[in-house]
Amino acid sequence: MVRCDLLRLTPLLLLGCTSKSSPTDGVNDTGVPPSATMDFSATEIQMLRTMWPLPDVTPDPTNMYAEDPWAVHLGQYLFFDEGLSSSGDVSCATCHDPSQGWSDGLKLGEGVSQVHRHSMPLFNTANNRWFFWDGRCDTQWCQAIQPIEDVAEMDSNRLRMAHYLANDESLSRAYRETFGSLPDMSSWPTDGRPVLNDPDHPDTVAWMSMTPEAQHEANIVFTNVGKAMAAFQRKIVSRDSAYDRFAEALLVEGKATDDHMSESAIRGLKLFIGEAKCHFCHAGPSFTNREFANIGLGERDWLSGGDQGRLTGIIRLLEDPFRGDGLYSDAAESSIEKLAHLSTSGEQQGQFKVPSLRSVALTAPFMHGGHFDTLEQVVRHYGEVNEYPEFGHREDLLLDVSLDDQQVEDVVTFLEALTGAPLAASLESQPESPLFTP
Ligand code: HEC
Ligand code: HEC
């Protein structure tokens, strides 16, 4: 490690070393001299500059309503609306509950019936390149419409949803004020959607009875609802954590200080970007490289088994009419490059999305199958990867990570420092009316 006294290149880095003579000097309770904790090498500083600050929410040209306050408001109303489910008692918030870190505290999601994966937390999802554990959507609005038709989640369909909007006076007004008039639905069946690989399903039969023009109109209503929910979810941002304050003091003021993060958390940060190699995947200010990896999780009793992850995700994305470069995108050209190089390979078996770690301490249990109940179990897993049966090809770089008890604790303490400031309470429940009043 490059010590502070060797750093002569930039004054800022030198400033970063002044804590050597900080009041915390002397040996602390864990026996680790604070200078070892508080000194940051040039390499560490360089790495941290790639991990702070968190930029503003990424623009989404595929959704022209992404910043529209009417759409945000209607999207929030619909996010909490149980009327979108067939049973009338499931909304997005059932599984993405603001008081549970926008997840649900369960191993596997529970909607109209049990889902085969763990409900993902929604912090900073507008920063995603891909959505779902398997990346089967490339835009936030493509994601938002799937739960409505997923039989285990909300078990409804796009025609039923469109009639639901049309039959409710304030919802249809809110829709009209945001997107323009709803189409004439008088000749549409009450239920219908193209059910994947099931041409004989009554919903598919009903859907196929419609003219292509009517199908197209129904798809526009469906995707507009997705775009409104996407606009709302752009507000679910985790920022201003203890880590952000620590990084600001270090990188802007040049002060390594334990005012914001404990020394244990600071040691955890150094492990995270060093020996523990977490930053290879949990990179950047959102703590994700926004891609996929196989971390050798293996199966659990409560899982149906054989979840292929990214491999089936790519196949579904390539077939999806609601892709960012498709007919329903507001800027198809903006997605072409991202989608151009997608292809399947055996490597993708058992790969899942690298999740953001912002506010991760609020969202137990963890992983695509709710494998672990605590962050400690998660971090221990990384030191024990080779003890799990291999499914697909796990990343080799994980195989030589080994952490002792103190190091595990330090990394967990660091992860806890990623919890962001609370969101405005007004975002955490259903507004009284879907109508926006500026
Ligand atoms: C029954 C529980 C359930 C309901 C209801 C539900 N979700 Fe989810 N959500 C999940 C699960 C489980 C996943 C991961 C699914 C997968 O990867 O196959 C997920 C994934 C997501 C993601 C992806 C996050 C990411 O980082 O990729 C978003 C966004 C999301 N849901 C939003 C919504 C919205 C919006 C609604 C309502 C229209 C909704 N969910 C309804 C359980 C649910
Ligand atoms: C090779 C890439 C890779 C490395 C290295 C890596 N992770 Fe992960 N991490 C992932 C992936 C992929 C997932 C999701 C896996 C799944 O659910 O199948 C994940 C999940 C997690 C989760 C659970 C998040 C949630 O919302 O469920 C935590 C916490 C986490 N990692 C922390 C760490 C820490 C700490 C380290 C370093 C010790 C680390 N990761 C190293 C790829 C990686």
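(A) A look at unusual backbone geometry. The omega torsion across Trp52 and Pro53 is -5 degrees, close enough to zero to call that bond cis. Tracing the backbone through its elements, the reader meets Pro53 in the loop between helix 3 (42-49) and helix 4 (69-79). A cis amide bond links Ala364 to the next residue, Pro365, at an omega of -5 degrees. Its location among the elements puts Pro365 in the loop between strand 2 (352-353) and helix 15 (375-383). Positive phi, close to 60 degrees, is recorded for Asn124, a residue that is not glycine. Here Asn124 shows up in the loop between helix 5 (92-95) and helix 6 (140-149). Take Asn124: its relative accessible area is 7%, and that puts it in the buried class. A positive phi angle is found at Asp240, which is not glycine, with a value near 55 degrees. One can find Asp240 in the loop between helix 10 (212-233) and helix 11 (242-251).

(B) Highlighting the coordination of the iron atom of ligand 2. For the iron atom of ligand 2, the full set of protein donor atoms is His282 (NE2) and Tyr382 (OH), at a range of 1.9 to 2.0 Å. Coordination at the iron atom of ligand 2 is octahedral: its six donor atoms span angles of 87 to 179 degrees at the metal. Here His282 is found in the loop between helix 12 (263-272) and strand 1 (292-293), whereas its partner Tyr382 is found in helix 15, with 100 residues between them in sequence. Classification of His282 as buried rests on a relative accessible area of 9%.

(C) Molecular detail of the coordination of the iron atom of ligand 1. Counting protein donors to the iron atom of ligand 1 gives just one, His96 (NE2), placed at 2.0 Å. Here His96 is to be found in the loop between helix 5 and helix 6.

(D) Fine view of the site of ligand 2. Near ligand 2 lie 25 residues; those nearest to it are Cys278, Cys281, His282, His368 and Tyr382. A distance of 2.8 Å is found between a nitrogen atom of ligand 2 and a side-chain nitrogen or oxygen belonging to His282. His368 is positioned with one of its side-chain polar atoms (N or O) 2.6 Å from an oxygen atom of ligand 2. For the shell around ligand 2, the elements supplying multiple residues, two or more each, are strand 2 and helix 15. The dominant element in the shell around ligand 2, judged by the number of residues it contributes, is helix 15, at three residues. Taken together, the residues that form the shell around ligand 2 break down as 20 nonpolar, two polar and three charged.

(E) Molecular detail of the pattern of salt bridges. For the structure on display, the rule yields 18 salt bridges. With its nearest N and O atoms 3.4 Å apart, the salt bridge here joins Arg173 to Glu177. One end of the pair, Arg173, and the other, Glu177, are both in helix 8 (residues 169-179), four residues apart, so they sit about a helical turn from each other. Here Arg173 falls in the partly exposed class, since its relative accessible area comes to 40%. Look at Glu177 and you get partly exposed, because its relative accessible area is 40%.

(F) The site of ligand 1, seen in detail. The full set close to ligand 1 counts 29 residues, and Cys92, Cys95, His96, Phe132 and Lys353 are the nearest of them. In the environment of ligand 1, an oxygen atom lies 2.8 Å from a nitrogen or oxygen atom belonging to the backbone of Phe132. Arg136 is positioned such that a nitrogen or oxygen atom in its side chain is 2.9 Å from an oxygen atom of ligand 1. Taken together, the elements giving at least two residues each to the shell around ligand 1 come down to helix 5, helix 6 and helix 10. When residues in the shell around ligand 1 are grouped by element, the largest group, four residues, is from helix 6.

The rules behind each value
- Residues numbered from 1 in each chain as written.
- Chains lettered and ligands numbered in written order.
- Predicted model: local features only at pLDDT ≥ 70, side-chain atom pairs only at ≥ 80, totals over all residues.
- Heavy atoms only, no water.
- Helix = DSSP H or I, 4+ residues; strand = E, 2+ residues; numbered from the N terminus.
- Buried < 20%, exposed > 50% of the residue type's maximum accessible area, 1.4 Å probe, protein only.
- Donors = N, O, S within 2.8 Å, 3.2 Å for Na, K, Ca; no water.
- Tetrahedral: all angles 85-135°; square planar, octahedral: opposite > 155°, others 65-115°.
- Near = heavy atom within 4 Å.
- Polar contact = N/O pair within 3.5 Å; in protein donor to acceptor, adjacent residues only side chain to side chain.
- Nonpolar A, V, L, I, M, F, W, Y, C, P; charged D, E, K, R; others polar.
- Salt bridge = Lys/Arg side-chain N within 4 Å of Asp/Glu carboxyl O.

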